[in-house]
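Take a look at the letters that make up each chain.
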Amino acid sequence: MKIGIIGGGVCGLYLAWKLAEKGEDITVFEQKKEIGKQTCSGLFSQRIFAHIPQSKKLIQNEIDYTLIHFPKKSVKVSFSDTFFVMNHFELDKLVARYAENAGAKIVLNRRIDALPVGFDRIIGCDGAKSFTLKNLNLREHDLRLAIQGFVDKQDNSNFVETWAVKDGFIWKIPRGEEIEYGIMSNKQQARKIFQEFLFKNNLKLDKISASLVSQGLSEPHNGVITLCGEAIAGTKPWSGGGVIWGLKTCDLLIKHFPDFFAYEKAVKKFFAREIFFSKLFTKIVYFSGFNIPWILPKKAKIEGDWLLM
């Protein structure tokens, strides 16, 4: 079949790779001049290797736990599996090479303002501000703003620090050759909160960038056009991470391809409860941390990608 994929991020490229290997005729449309996501922490669990084994060569650091700082209490949260820091920009380029080697065509610098014609199926992997989602007349996801910058200082620590703020958090990630700081919060307050944090801690960042992060679940109900990745299932409510979630939607689409109705049913079955309880869990933790911090344990352990698995 002739398949058009809108969006050349990791999910669009992964789909192109795997569907091209199955013999489908794949064209990926990417609006940027080059492949590679700029604003992303690139903090992935070991599940990334099940999807992209070749990504092991991109590891910059290993993370065993995170410290979550509330105003009057800090909680050490360990991960059941080690997390890995990678360069997301290079990860996208790696997957693009495998997609092209499998026979997929990648068209760069192509901004989509109308759905491409001449395709048997169209898949929107176009992220938080999905054109495909709007074209399907679906409600937009809730959006938060993520800002990221770096300090040129070597740090190989095995833990991440986060500071809870209104509607989100500030993070510090040791990346080996440099340290990353960032914030994810509501679009109106994120910049102000982050600037105050940087001033208070006497931090000056380089390579600052920003992007929107989506939250929510879409239901296309269309047999020819569908969504995948962040465009259909948003991101983890507690961290804003979307790659493993997005790759899970890719696997479900590949499994049910070309039946988009069966795919969309499978996505809803898997993600609806996960998103609901993840949001509820996050609200409970934040409320407790800011209002009744004594109720929180000093140490905890989580799975990292899925709340209900």
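One structure accompanies this document, and this report is about it. Predicted model only: the values in this text are computed from it and were never measured. (Residues numbered from 1 in each chain as written. Predicted model: local features only at pLDDT ≥ 70, side-chain atom pairs only at ≥ 80, totals over all residues. Heavy atoms only, no water.)

## Observations regarding empty space enclosed by the protein
1) Next: This structure, assessed with the given rule, holds 1 cavity of 30 Å³ or more.
2) Next: Its volume calculated, the largest cavity comes out at about 40 Å³.
3) Next: Lining the largest cavity we find A128, K129, S130, L133, K134, E140 and H141. (1 Å grid on protein atoms, 1.4 Å probe; cavity = no way out; pocket = protein on both sides within 12 Å on 5 of 7 lines; lining within 4 Å. Points joined across faces, edges and corners; volume = space filled by probe spheres on them.)

## Some thoughts on the pattern of salt bridges
Close approach of charged atoms allows side chains of opposite charge to pair.
1) Next: For the coordinates displayed, the defined rule picks out 13 salt bridges.
2) Next: For K172, the salt bridge identified is with E161, shortest N-O distance 3.9 Å. Of this pair, K172 sits in strand β10 (residues 168-174) while E161 is found in strand β9 (residues 159-165), placing the two residues 11 residues apart along the sequence.
3) Next: Taking relative accessible area as the criterion, E161 reaches 16% and is therefore assigned buried.
4) Next: Ionic pairing is found between E219 and K268, a salt bridge with its closest N-O pair at 3.5 Å. (Salt bridge = Lys/Arg side-chain N within 4 Å of Asp/Glu carboxyl O. Helix = DSSP H or I, 4+ residues; strand = E, 2+ residues; numbered from the N terminus. Buried < 20%, exposed > 50% of the residue type's maximum accessible area, 1.4 Å probe, protein only.)

## Regarding the nonpolar core
1) Next: Judged by nonpolar contacts, the single largest core of 60 residues is most densely connected at I5, L15, I26, I48, I52 and I123.
2) Next: In terms of residue count, the dominant contributor to this core is helix α1 (residues 10-21) (9 residues).
3) Next: Excluding anything up to four places from it in sequence, I52 contacts V10, Y14, W17, L91, L94, V95 and L247. (Core = buried A, V, L, I, M, F, W, Y, C linked by side-chain atoms within 4.5 Å. Contact = heavy atoms within 4.5 Å.)

## A look at the environment of K265
1) Next: The residue K265 is located in helix α8 (residues 260-291) in this model.
2) Next: When the C-alpha positions of K265 and R175 are compared, they lie 38 Å apart, and in sequence the two are 90 residues distant.

## Here we look at the sheet that holds strand β6 (residues 105-107)
1) Next: Pairing is parallel in the open sheet, where 5 strands are placed in the order β6-β2-β1-β7-β13. With partners counted over all chains shown, the strands left at the sheet margins are β6 and β13 (225-227), one partner each. Strand after strand, the sheet turns through a mean of 20° between neighbouring axes, direction not considered.
2) Next: Of the strand pairs in this sheet, strand β7 (residues 121-124) and β13 are connected by 3 bridges, and their pairing is parallel. Among the inter-strand pairings, I122 is bridged to a residue of β13, identified as I225.
3) Next: On top of the sheet, α1 reaches β1 (2-6), β2 (25-29), β6 and β7; it is set at about 170° to β2, its chief contact. (Pairing = 2+ DSSP bridges. Axes fitted to C-alpha atoms, helices over the stretch in contact; angles between N-to-C directions.)

## Points about unusual backbone geometry
1) Next: The linkage connecting F257 with the following residue, P258, adopts the cis geometry, with an omega of 5°.
2) Next: In this model, N202 sits at a positive phi of 55°, which is unusual for a non-glycine residue.
3) Next: N202 gets classed as exposed once you look at its relative accessible area, which sits at 67%.
4) Next: At H221, a residue that is not glycine, the phi angle is positive and equals roughly 55°.
5) Next: Relative to the helices and strands, H221 resides in the loop between β12 (206-215) and β13.
6) Next: Exposure remark for H221: the relative accessible area of 57% places this residue in the exposed category.

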